[in-house]
Every structure is written in C-alpha cells, then in structure tokens.
Amino acid sequence: MVSEESVSCPCSGVRREGPDLWQELFPSLASLSTQGPLQAEVVSMMLRWLPEDITVHNEDVEGDRRRLLLRGLTESLPEILPLLYNLLERHYGAAMSEASRQQVDLAKQHAAVVMACINAVNAYAEWAPVLDLSRYGIINGCGALLSSPDFRLHACEFFKLVCSRYATGLFDMIS
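Residues numbered from 1 in each chain as written. Predicted model: local features only at pLDDT ≥ 70, side-chain atom pairs only at ≥ 80, totals over all residues. Heavy atoms only, no water.

## Some thoughts on the packing of aromatic side chains
Enumeration according to the criterion identifies four aromatic pairs in this entry. On the numbers, 5.8 Å between centres and 70 degrees between planes, the contact of Y92 with F151 is edge-to-face. With Y92 in helix α5 (residues 77-100) and F151 in the loop between α8 (138-145) and α9 (152-174), this residue pair connects regions lying 59 residues apart in the sequence. When its relative accessible area of 21% is taken as the criterion, Y92 is described as partly exposed. With a centroid separation of 5.0 Å and 80 degrees between ring planes, the pair formed by F158 and F159 is classed as edge-to-face. (Phe/Tyr/Trp six-rings, centres within 6.5 Å; stacked < 30°, edge-to-face > 60°. Helix = DSSP H or I, 4+ residues; strand = E, 2+ residues; numbered from the N terminus. Buried < 20%, exposed > 50% of the residue type's maximum accessible area, 1.4 Å probe, protein only.)

## Topic: the packing of helix α3 (residues 37-55) against α5
At a minimum axis separation of 11 Å, α3 and α5 run at an interaxial angle of 145 degrees. As α3 runs across α5, the sense of the crossing is left-handed. Across the interface between the two elements, P37, A40, V43, S44 and L47 of α3 pack against I80, L83, L84, L87 and H91 of α5. Residues that form the contact of α3 with α5 fall into these classes: eight nonpolar, two polar and no charged. (Axes fitted to C-alpha atoms, helices over the stretch in contact; angles between N-to-C directions. Left-handed = near helix turned anticlockwise from the far one by under 90°. Contact = heavy atoms within 4.5 Å. Nonpolar A, V, L, I, M, F, W, Y, C, P; charged D, E, K, R; others polar.)

## A look at the packing of α5 against α8
In the contact formed by α5 and α8, the axes pass within 9 Å of each other and the chain directions differ by 25 degrees. With respect to their mutual orientation, α5 and α8 come out roughly parallel. When you trace α5 past α8, the crossing you get is left-handed. Between α5, through L81, L84, Y85, L88 and Y92, and α8, the contact on the second element is made entirely by I138, G141 and L145. (Parallel < 35°, antiparallel > 145°, perpendicular 65-115°, else oblique.)

These figures come from the coordinates and say nothing about function on their own.
If you want it as structure tokens, here you go:
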C-alpha cells in the first residue's frame with residue numbers, strides 16, 4: 001500500500017506551478033500507470049489528490065489563481081477520466097482473475113488499485129460535468145462495481161455524490 005503523503009507532494013507542486021506542469025507530467029503518469037499495480041495505485045492516488053488539493057485544500061489559493069487551476073483541471077478531464085476508467089477496468093478484471101486463481105497477494109494489489117481509482121473518481125464526482133463522467137465510462141464502470149461485494153459500498157458513494165448534485169439543484173429550483 002502506498003502512503004498518501006508520498007503522492008501529495010507532486011500535487012502540491014502542480015498547485016504551485018499551475019496547469020502547464022500538469023500537462024508536462026500527465027504523459028509520464030499515464031505511462032507509469034501501465035507498469036504494474038503499485039505504480040497504477042500511485043497514479044490513481046495522484047489523480048485523486050490533484051482535484052482535492054485544488055478544490056478542498058485551497059486556503060492559500062485565491063481568486064484568479066484558483067480559477068486558473070480549476071480551468072486547467074477541467075480541460076484535462078478528457079485525459080484523466082479515460083485513464084481512470086481504463087485503470088478501473090483493467091485492475092478490477094485482474095483482481096477477480098487473480099482471486100479465482102487463489103493468488104491472494106496479487107489480487108490484493110489489484111484491488112488496492114481499484115479502491116484508489118474509486119477514490120479518485122469520487123473526487124471528480126463532486127464537480128466534474130456529469131456528461132464527461134458518462135462519456136468517458138466512469139458511470140458505467142462504477143455501475144459494474146455495484147455487483148461486487150468488495151467494491152459496492154465505494155461505488156455507491158460515487159452515485160451518491162453525483163445524485164446529490166442534482167438533488168441540491170432541484171431543491172434550489174423548488175425553493
């Protein structure tokens with residue numbers, strides 16, 4: 001298991017340096033994610049920390065700087081969301097395959113990637129356009145996880161986050 005502290009540092013660098021650094025880093029991260037479950041978990045965790053660092057832990061980022069970071073992150077969704085979907089799909093399949101072959105340690109490594117992906121997806125579910133979440137397979141991917149006892153609760157969290165955005169909007173329209 002990877003520590004969250006080890007992945008928060010690069011995300012803080014992106015917050016400091018801006019979207020250009022993210023555009024430079026992303027191809028290397030995408031490549032790193034294909035090298036094995038541990039690397040995929042690190043990349044997934046970074047993909048989670050980046051939006052959280054910008055949208056939640058942003059006390060020191062104000063006004064135009066915050067808008068610039070959010071715009072850069074939003075413009076990166078066509079790269080980020082497909083990568084998350086592919087990692088989710090690949091490692092869920094690998095976790096199930098390894099579990100059926102009684103390869104417990106490998107199954108756990110792949111399951112850790114799935115959890116890191118779900119956590120990352122949940123960080124985007126709070127603000128990313130729902131159309132993008134659908135277009136890049138995230139909604140279908142999380143829907144497929146609803147049939148898995150190991151991942152069901154976390155997949156439900158995704159739908160809870162997405163649906164709460166609509167419930168809030170509907171409540172505001174009615175009030």
